[in-house]
There are 2 protein chains.
Amino acid sequence: MRNRFCKKPLYEVTRTLAKVAAGAEKAQLVIRNAKLVNVCTAEIQEGVDVAVSEGRIALVGDGAHCIGEKTAVIDASGQYIAPGFIDAHTHVECSMISVGEFARAVIPHGTTCIFMDPHEICNVCGPEGVKAMIGDAKRSPLKAVSNAPSCVPAVAGFEDTGSEIGPEEVRDMMTWDGIMGLGEMMSFQNVIDGDIRMHCELAETLRADQVITGHYPVPDTGAGLNAYIASGVRCCHESTRAEDVLEKMRHGMYALMRYGSVWQEMPAIIHAILDNQIDDRFACLVSDDIQPATLTGDGHMDHIVRRAVREGVDPVKAIQYVTMNPAACFRMDHEMGSITPGKCADLVFFNDLNNIRITRTIIDGNIVAEQGKMTVPVEKADYPAFAYNTMHVGYSITPDCFGIAAPGGKERVKTRVIEIIPDHLENHERLIDLNVRNGWVEADPVNDIMKVTVFERHHETGTRGYGFLKGLGFRKGAVAQTVAHDAHNMIVAGMNDEDMACAANALIECGGGLCAVADGTLLALVPLPVAGLMSDVSAERMDGLLQKLGDAWKEMGCAIRSPFMTMAYISLACVPELRLTNRGLVDCRTFRFTDLFP
Amino acid sequence: MRNRFCKKPLYEVTRTLAKVAAGAEKAQLVIRNAKLVNVCTAEIQEGVDVAVSEGRIALVGDGAHCIGEKTAVIDASGQYIAPGFIDAHTHVECSMISVGEFARAVIPHGTTCIFMDPHEICNVCGPEGVKAMIGDAKRSPLKAVSNAPSCVPAVAGFEDTGSEIGPEEVRDMMTWDGIMGLGEMMSFQNVIDGDIRMHCELAETLRADQVITGHYPVPDTGAGLNAYIASGVRCCHESTRAEDVLEKMRHGMYALMRYGSVWQEMPAIIHAILDNQIDDRFACLVSDDIQPATLTGDGHMDHIVRRAVREGVDPVKAIQYVTMNPAACFRMDHEMGSITPGKCADLVFFNDLNNIRITRTIIDGNIVAEQGKMTVPVEKADYPAFAYNTMHVGYSITPDCFGIAAPGGKERVKTRVIEIIPDHLENHERLIDLNVRNGWVEADPVNDIMKVTVFERHHETGTRGYGFLKGLGFRKGAVAQTVAHDAHNMIVAGMNDEDMACAANALIECGGGLCAVADGTLLALVPLPVAGLMSDVSAERMDGLLQKLGDAWKEMGCAIRSPFMTMAYISLACVPELRLTNRGLVDCRTFRFTDLFP
C-alpha cells in the first residue's frame, strides 16, 4: 500500500530490475561517471554509473553492461548526482497556486517529493477539497503525498469553517490513495490534556500504520513535549530554539527545521547540530509556507540546502536532511531518499557541492527538468466545480454592512483594537478612544486605525465579526482577502465603508482572492478561484499579481513586509493576543470572546 | 498491524501516556537518575528519569512529577540504561532448545527482541511448524518476531524435505499474527537470474509491505549484488569481507555483521566502519546461529557488543547496531530500538560502558531479569502433537540397510569420498580406493574413512543416500543425527553397520536428536523431540547433554571443533564441493548428482 507514489510498485518490477543489473536485459537509462552523493554512508563516490529501468534504480556502480542500443545514456562527468529533494512539510495553498503549478515551480529546483498538508482547502471544502488537491497533484510527475488534515477547524467554537474533521473523517482519509500520514496536529494542548477527540484522530492514524506529523511551537522540553511525543507524534517543524531541536531529536522526534518565506528559524536552530557532536539522523529541512516570490526568486529545497551550507552544515549532511532523513521520517526510505538499487529513480544533478544549483531533475527515471525549466508538460488543472464555488455569504454586501454602532449615544468610545507587530505572528490588544459620527464608530486614518469585518462565507450563516486594526499604515481605501487562516472566511479592512463594500464584492464576484480598492476604484485584484485560496496561474504570474497588489497596498500607505500574510493571520484565533473571527473578537490569552467596547 | 509484538498497541494508550507525562496520572514505573545511552543522538545523558505506563515509555527527562504512591521506583544512580538489544537475525532451532528456553537464556543478557527465521522447523513440519514456533514464543516476554521462511527446500530437486514453501505459502504467512518479513532469501542466484517462483515470493512480501531479509555470501559487489538488492532485499548477514559490508551499506542494504558460535566474521568485517569515516546507520550485529555453550558461557547480543567494543567500536555505536539500527531495518523504529516517549519500555541496565554486563532487563515495562536470572516464569512448552512425531522412515532399520555393494566383483574400488575441512563449511571431493569384502565396500578406520547414509525421514519415501566421509577422526562406532541442514533427514555415519543401525534406531525411538554408539552401546543421546531439532530442556541442560555427546565423540577419536555442526552440513547441497542427501551424492560445483563409484 505504501508504493502508490511510485510509477510502478517494486513488486511488479523486481525481475526486470534484477535482469538489468545482471546484464540479461538492457537499461532504459544509464547515467555514467557521476560524482554520487551517497546519503547512506555520507560519502562522495566518484565515477559512479546508475542504471535505471521501469522508473527504478537497477544498479549503482559500473553500469557498462547495462547499456544496449536503445539505452539512453547521460554522461555525468564532472557532475554530482544526489537523490531528489523531499520537502517533508509544506502547505501548497500558501503559495496560492495549484499543486500542478507548484510542481512546475519546484521540480526544476530539484524537488521530487513533497509531503503536503492541505488543511487550508480542507477548512473551505472539507475532505473533498483534499481529494481535489490529490487529483491536482496527478497532473505533474512530482510525488505530492498528502497528509490528512487533523485540526479543522483550528480552534473549535470560535469560528465557522466550511468543514470539520474528526476521527471518522481521519479514518476514512487514511484509506485513500494519495494520503499518507496525519497533518500537523496543532491542538497540542488538547493532546497533552488527553482530549478524547484528538486522541481518537491519533489512534485512527496509528491503527492505519501511518505517521503523525506534529506542531509543537512551545519553548518547552519537559512534560508537555514528552506527552506530545508519547502520543505518537513523529515529527515537528515548529521549533524556535536550538535546544528544542536538540531535545526533540533526543526524544526520537524528527526535527523539521523550517526555512520558509516568512518563518525562517533554521539558521538559528541548526546550532542544535552545529554546536553538538551528535548523530543527526533525525534532522530534516522543510519549507512549510513558501510564497511565489521565493519560488521564482530563490527556489525551494535547493535554496534551503544552500542556506544550511552557508550556516556551516556539511553539504552531504544537508542533502541527507532533504533526502534520506525525511524518507525515514515517513518510513518511506525503502522507496525513496537514496540512490540505491530498487528505489525510485528520483535524482538531481548539479556542479558545485557548496553552491548547489540544480541542472537536471529526474523523476521515476524520466528527465523532467533541465537548466531550470520543466521538460515535460503539466496538464491543465481540472478542479471539480464545487472548488470554484466557495463564496457563500448569502446576501448582498453593501456599505451599511460595515457600520459599527456606538454604544448608547457616545461621541467617543473606548474600543478594543488589534495592533499588529510587523514580522510577528503575535499581536497586541490596545484600548483606544475612537470617534463616533451619527452613532457609528469611525476609522481613524490619522492614527492608522482601520475598520475590519470578517464575513462567514461557507454556509450563508449571515454571521460577521467587527473590529479595528492598527499598524498597517493605510491612509485610505480598503483591502479584502479570502485567505484568512484557518477558516478562510472573508476579511475586509478599510478606512471607509464604500471602498470596503467594493472590495468585498470584487472578491465575491471572482470566487475569492485578494484585492485593494481606493476611492471606489479596484487598484489590484488577485483572483484565487479555487476555494478562494489558489489560482491555476503559474508561480511567475502569481508573483506578478501579488507584486501589483503589494504596489497598491504601498500606494495606500502600507509599508510592512508580507502584508497579505499579516492580514491572513488576523483571524487565527489561537495565537495571542487579540483576533477577529466571523463570530467576533477572541481574547487568545484566555480563549474567550471579548467585547469590542469594554 | 505492526504493533502486535507489544503489550498494547500505541493507539490504545496514547491518552494514558500523555496524562502520565503531563503529570495528570501517575506512572507505573519510574527509573530515576540513570545514565541514558541515547541511540537517537549517540550521546550519553546523565541524570535521566524514564516514566513508564501501559508497558510503554511516557517520559524521558525529569520524571519526579510522574511518581505517585503506587509508582514503582528504581534508583539507577551510577547505572547506564540502554534500549533492549535486538538480534535482527537468528535461527532458534540451531540452539536446539525451544523458543521459550532460548528466551530464558538470552533475556538476562539484555535481549528483548529477536527476528527469528524458523526455516529448520519449516523444512520438517512446514508452515504449521512455523506457527508452532510462534506459539512457543508466546511463553516468554521476549519479542520473538518470526520471518516467513523463503527457501524450503534449500536446494530443490536434490533432496526430500518435510515441506515446500512457495509464493502461496508466503502470501498466507504474511497475514499471520507473529510473522514479519521474509526469511533469508538463500536462492540469491535464482533471484539474480529472475526466477519467477522466487520473485513471486519477493512480490508477496513487498505487497504485504514487509521486509525481505537476505543471504548473499558471494564476495561480489557488482552486478550480482545490485541485482539482488534491486529485487527488494533489505539486509544481509553473510558478508565475509569488509568491502562487502561497505558496499552493501553504500547500496542501502543493512549489513548484519555476524558473530555467532561458529561463523564469526564480525571482527574482520567491522573494519568497513572502523577504517572509513562513514555514516553507519546501516550497520547491525547479529548472531545467526548460536549454540547452547555460547548462550550459557558468553551470552548473546551483550557478548557480541562487548566483542565489537574490543575491536574498537565506540560503545554507543555498538549499542546502536543492536537497537536503533535493526529496528529501522525492519521499519519498527516507531515501536522499539530507542528509549523515547511512546516506544515499548524495553530496556537494559549495566554499570560499565566498556564492558557491558547486563544487570537488569525490562520488557514492556516489567522487570523480567535481574543479575543474570529471569524474574518471571516461562510457561511449559506446548508444541502440537505433530511436532513430536516427525520420524517417518517407514521401515525397520537393520544393519543390512547400510551395505554398499561394490560394482562388479572388484576387491578394491575407487570411491568418491567427502573430506571435511575442520572449521570450514566447504569440503573436498576425494577419489580414494576402498576395500571390498563379500561384495560390500568397507569403511576404513585406519585411513579415517567412515560410511555415511542419509535416510529420508519425512514422508516414508524409503529413499536413502550412501557415501563415505573422511576427516572426522573416528576409529570406531557410529554417530547419527536428525539435525542435517536444511532438509533435516537422518544422517548416520559409522565404521560398522551394527553400530550405525543401533544409532539410527535410538534416534527413531526418541523422536530425533543426536547420538553416539560404539560396540553396540549407546554412549550418549541428545533427544530433540520437537521436529528432531529442538528440546524443551534449558540451555544449560542442553549444553550438558551436548558436552556428554562431545565426550563420546572424542572417546571414539573425533577431535575437531563443533563436530555436530560439521556433521549437520554434510547434507547441505548448495555448498561446494561434495554433499550427500537422501537422494545421493551431489556435486555442488556443477549442481548435478554424481556417482559414488566414478
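Predicted model, so just to flag it, every value in this text is computed and none were measured.

A. Region of the structure containing the confidence of the model for chain A. Per-residue pLDDT for chain A has a mean of 96; in total, 99% of the residues score no lower than 70. Our summary of model confidence lists the complex with pTM equal to 0.96 and ipTM equal to 0.96.

B. Representation of the relation of the copies chain A and chain B. With an RMSD of 0.1 Å, chain A superimposes on chain B once it is rotated by 180° and translated 0.0 Å along the axis. One copy is carried onto the other by what is essentially a two-fold rotation axis. No C-alpha of chain A approaches the rotation axis more nearly than that of Arg 331 of chain A, which lies at 3.3 Å. A high fraction, 100%, of the interface residues of chain A reappear at the interface in chain B, so the copies pair face to face through one surface.

C. Broad picture of the pattern of salt bridges. Residue and element names in this part refer to chain A. Applying the stated rule across the entire model yields 72 salt bridges over all chains. Between Arg 589 and Glu 577 there is a salt bridge; the shortest N-O distance is 3.1 Å. Placement of the pair is Arg 589 in the loop between strand E28 (584-587) and strand E29 (592-593) and Glu 577 in the loop between helix H18 (563-568) and strand E27 (578-581), with a sequence separation of twelve residues. Given the relative accessible area of 43%, Arg 589 is considered partly exposed.

D. Structural detail: helix H8 (residues 223-230) of chain A. All names here are of chain A. Of all eight residues in H8, seven are buried; the element is thus mostly enclosed. For H8, the set of buried residues is Gly 224, Leu 225, Asn 226, Ala 227, Tyr 228, Ile 229 and Ala 230. Positive phi appears at Gly 232, one or two residues downstream of H8, with a value of about 105°.

E. Structural detail: the pairing of strand E5 (residues 80-83) of chain B. With two bridges connecting them, strand E1 (residues 29-38) of chain B and E5 of chain B associate as parallel partners. Pairing of Lys 35 of chain B across the sheet is with Tyr 80 of chain B, part of E5 of chain B.

F. How the structure looks around the sheet that holds strand E25 (residues 513-518) of chain B. Residues and elements named next belong to chain B. With mixed pairing, the nine strands of this open sheet are ordered in space as E20-E19-E18-E22-E21-E24-E23-E25-E26. Strands at the two margins of the open sheet, each flanked by one partner only, are strand E20 (440-441) and strand E26 (521-527). Bridging between strand E23 (residues 478-481) and strand E24 (residues 490-494) involves four bridges; their strand directions are antiparallel. Paired with Val 479 across the bridge in E24 is Ala 493. Packed on one face of the sheet, helix H16 (residues 497-510) meets strand E21 (449-455), E23, E24, E25 and E26 and runs near 150° to E25. Set on the sheet, helix H17 (residues 539-555) makes contact with E23, E25 and E26; between it and E26 the angle comes to about 150°.

G. Representation of the side chain of Asn 226 of chain B. Examined against the element boundaries, Asn 226 of chain B turns out to sit in helix H8 (residues 223-230). Among the polar contacts listed, one links the side chain of Asn 226 of chain B to the backbone oxygen of Gly 222 of chain B, at a separation of 2.9 Å. Of note is the side chain of Asn 226 of chain B, whose polar atom sits 3.4 Å from the side chain of His 251 of chain B. Once residues lying within four places of it in the same chain are set aside, the contact partners of Asn 226 of chain B are Ala 21, Ala 58, Leu 59, Val 60 and Pro 341 of chain A together with Thr 221 and His 251 of chain B.

H. Structural context of the state of the cysteines. Tallied over the full model, the rule gives zero disulfides over all chains. The closest cysteine sulfur to the non-disulfide-bonded Cys 329 of chain A is located on Cys 235 of chain A, 4.0 Å from its own sulfur. Overall, Cys 329 of chain A belongs to the buried group, its relative accessible area being 0%. A disulfide-free cysteine, Cys 113 of chain B has its sulfur positioned 9.0 Å from the sulfur of Cys 6 of chain B, the nearest such atom. Judged by relative accessible area, which is 1%, Cys 113 of chain B ranks as buried.

I. Representation of the packing of aromatic side chains within the structure. Residue and element names in this part refer to chain A. Counting across every chain of the model gives 24 aromatic pairs over all chains. Taken together, a centroid distance of 6.5 Å and an interplanar angle of 45° make the contact between Tyr 395 and Phe 455 tilted. Pair noted here: Tyr 395 is in the loop between strand E17 (373-374) and strand E18 (412-420) and Phe 455 is in strand E21 (residues 449-455), with a separation of 60 residues, a long-range link. Residue classification places Tyr 395 among the partly exposed positions, given a relative accessible area of 26%. According to the relative accessible area criterion, Phe 455 is buried, its value standing at 0%.

J. Focus on the interface of chain A and chain B. With 61 residues of chain A at the contact, the number on the chain B side is 61 residues. Both sides of the chain A and chain B interface together cover about 5000 Å² of buried area, and 56% of this is carbon and sulfur. Per-residue buried area on chain A facing chain B is highest for Tyr 11, Arg 250 and Arg 281 of chain A; these three make up 14% of the total on that side. Applying the counting rule to chain A against chain B returns four salt bridges. Linking Arg 250 of chain A and Glu 43 of chain B is a salt bridge whose minimum nitrogen-to-oxygen distance equals 2.8 Å. Summed over the shared surface of chain A and chain B, the result is 22 residue pairs in polar contact (both at pLDDT 80 or more).

The rules we used
- Residues numbered from 1 in each chain as written.
- Chains lettered and ligands numbered in written order.
- Predicted model: local features only at pLDDT ≥ 70, side-chain atom pairs only at ≥ 80, totals over all residues.
- Heavy atoms only, no water.
- pLDDT = per-residue confidence, 0-100.
- Least-squares fit on C-alpha atoms with pLDDT ≥ 70 in both.
- Contact = heavy atoms within 4.5 Å.
- Salt bridge = Lys/Arg side-chain N within 4 Å of Asp/Glu carboxyl O.
- Helix = DSSP H or I, 4+ residues; strand = E, 2+ residues; numbered from the N terminus.
- Buried < 20%, exposed > 50% of the residue type's maximum accessible area, 1.4 Å probe, protein only.
- Pairing = 2+ DSSP bridges.
- Axes fitted to C-alpha atoms, helices over the stretch in contact; angles between N-to-C directions.
- Polar contact = N/O pair within 3.5 Å; in protein donor to acceptor, adjacent residues only side chain to side chain.
- Disulfide = S-S within 2.5 Å.
- Phe/Tyr/Trp six-rings, centres within 6.5 Å; stacked < 30°, edge-to-face > 60°.
- Buried area = accessible area lost by both parts, 1.4 Å probe.

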